[in-house]
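Each chain, letter by letter, is given below.
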Amino acid sequence: MSAIVRRLVFDTAAGEIRDGQRRYVLIRPDVLMGALHELDGTTRQRVLEALAASSERNGGRSVHAYARTDRGTALLDTMCETAAGLGWGKWHMTLGPDRLDLTVHNSPFAQGHGKAARPVCAPIAGMLGSVAATLFEGPVLVEEIGCAAHAASPVCRFVARARSAVSSETQP
């Protein structure tokens, strides 16, 4: 059993699930992602961008809490274990000098959305952004380069790069 699963407190009297001060809510992926099907394409894209930003900012508080004790690959291990424990799929991260690659098997966001014209795993992209910014100690660019909802692939793939590395790649 993962550490996050052991820490979760299901307080049915209060109607809440907590990990310390952090509150969680269980929601079926098809309910959450199905809401996107109710929106026009432009609004859908804006909602996905907002989900990524919110995940990066608010989920980043968890990343920062974990980073107080876990650094480098230990932080990556913690994030992969936590993601699996919270139902965010099975994560595998690979850290390079200025990039962090993430492969996700069984993304609940791709599964909950179903077929899509574009990648839909924005909450995962946001969390990856927070992890990468913590590791690289600065701003990053995150891209979902493959989505199980978009392509005929069983996995979703992401890359996060330090902005300084991206800037140096584009200069002559």
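Residues numbered from 1 in each chain as written. Predicted model: local features only at pLDDT ≥ 70, side-chain atom pairs only at ≥ 80, totals over all residues. Heavy atoms only, no water.

**Some words on the packing of helix H3 (residues 41-67) against helix H6 (residues 122-136)**
Moving on, step 1. Packing of H3 against H6 leaves a shortest axis separation of 7 Å and a crossing angle of 40 degrees. The orientation of H3 with respect to H6, classified from their angle, is oblique. In this structure, H3 meets H6 at a crossing whose hand is right-handed. Across the interface between the two elements, Leu48, Leu51, Ala52, Ser55, Glu56, Gly59, Gly60, Val63, His64 and Ala67 from H3 touch Ala122, Pro123, Gly126, Met127, Gly129, Ser130, Val131 and Thr134 from H6.
Moving on, step 2. For the contact of H3 with H6, the residue count by class is nine nonpolar, eight polar and one charged. (Axes fitted to C-alpha atoms, helices over the stretch in contact; angles between N-to-C directions. Helix = DSSP H or I, 4+ residues; strand = E, 2+ residues; numbered from the N terminus. Parallel < 35°, antiparallel > 145°, perpendicular 65-115°, else oblique. Left-handed = near helix turned anticlockwise from the far one by under 90°. Contact = heavy atoms within 4.5 Å. Nonpolar A, V, L, I, M, F, W, Y, C, P; charged D, E, K, R; others polar.)

**What about H6?**
Moving on, step 1. Given a rise of 1.5 Å per residue, 15 residues ought to cover 21 Å, and the 21 Å separating the end C-alpha atoms of H6 matches this to within 8%.
Moving on, step 2. Burial within H6 is extensive, with 14 of its 15 residues counted as buried.
Moving on, step 3. Immediately downstream of H6, the backbone of Glu137 shows phi near 55 degrees, a positive value. (Expected span 1.5 Å × (residues − 1). Buried < 20%, exposed > 50% of the residue type's maximum accessible area, 1.4 Å probe, protein only.)

**Things to note about the confidence of the model for the chain**
Moving on, step 1. Scored by pLDDT, the chain comes out at a mean of 93, with 96% of its residues at no less than 70.
Moving on, step 2. The spread of mean pLDDT over the elements of the chain runs between helix H7 (residues 163-170), the lowest at 66, and strand E4 (residues 90-95), the highest at 98. (pLDDT = per-residue confidence, 0-100.)

**Some thoughts on the nonpolar core**
Moving on, step 1. Ranked by internal contacts, the top residues of the largest apolar core, which has 42 residues, are Trp91, Met93, Leu100, Cys121, Val131 and Phe158.
Moving on, step 2. Elements with a minimum of two residues in this core: H3, helix H4 (73-85), E4, strand E5 (99-105), helix H5 (108-113), H6 and strand E7 (155-162).
Moving on, step 3. With nine residues, H6 is the largest single contributor of residues to this core.
Moving on, step 4. With near-sequence residues (within four places) excluded, Cys121 lies in contact with Ser107, Phe109, Ala110, Glu144, Cys147, Cys156 and Phe158. (Core = buried A, V, L, I, M, F, W, Y, C linked by side-chain atoms within 4.5 Å.)

**Some details on the pattern of salt bridges**
Moving on, step 1. Evaluated as defined, the whole model comprises five salt bridges.
Moving on, step 2. Asp19 serves as the salt-bridge partner of Arg7, at 2.9 Å between the closest nitrogen and oxygen. Linking Arg7 in helix H1 (residues 3-7) with Asp19 in strand E2 (residues 16-19), this pair joins segments that are 12 residues apart in sequence.
Moving on, step 3. Arg7 gets classed as partly exposed once you look at its relative accessible area, which sits at 34%.
Moving on, step 4. Between Arg22 and Asp19 there is a salt bridge, with the nearest N and O atoms lying 3.3 Å from each other.
Moving on, step 5. For Arg22, a relative accessible area of 28% corresponds to the partly exposed category. (Salt bridge = Lys/Arg side-chain N within 4 Å of Asp/Glu carboxyl O.)

**Examining unusual backbone geometry**
Trans is the common state for peptide bonds, and a negative phi is the common state for residues other than glycine.
Moving on, step 1. Residue Asn106 is not a glycine yet carries a positive backbone phi of 70 degrees.
Moving on, step 2. Looking at the secondary structure, you find Asn106 in the loop between E5 and H5.
Moving on, step 3. What makes Asn106 exposed here is its relative accessible area of 59%.
Moving on, step 4. In this structure, Glu137 is a non-glycine residue whose phi angle is positive, near 55 degrees.
Moving on, step 5. Here Glu137 falls in the exposed class, since its relative accessible area comes to 68%.

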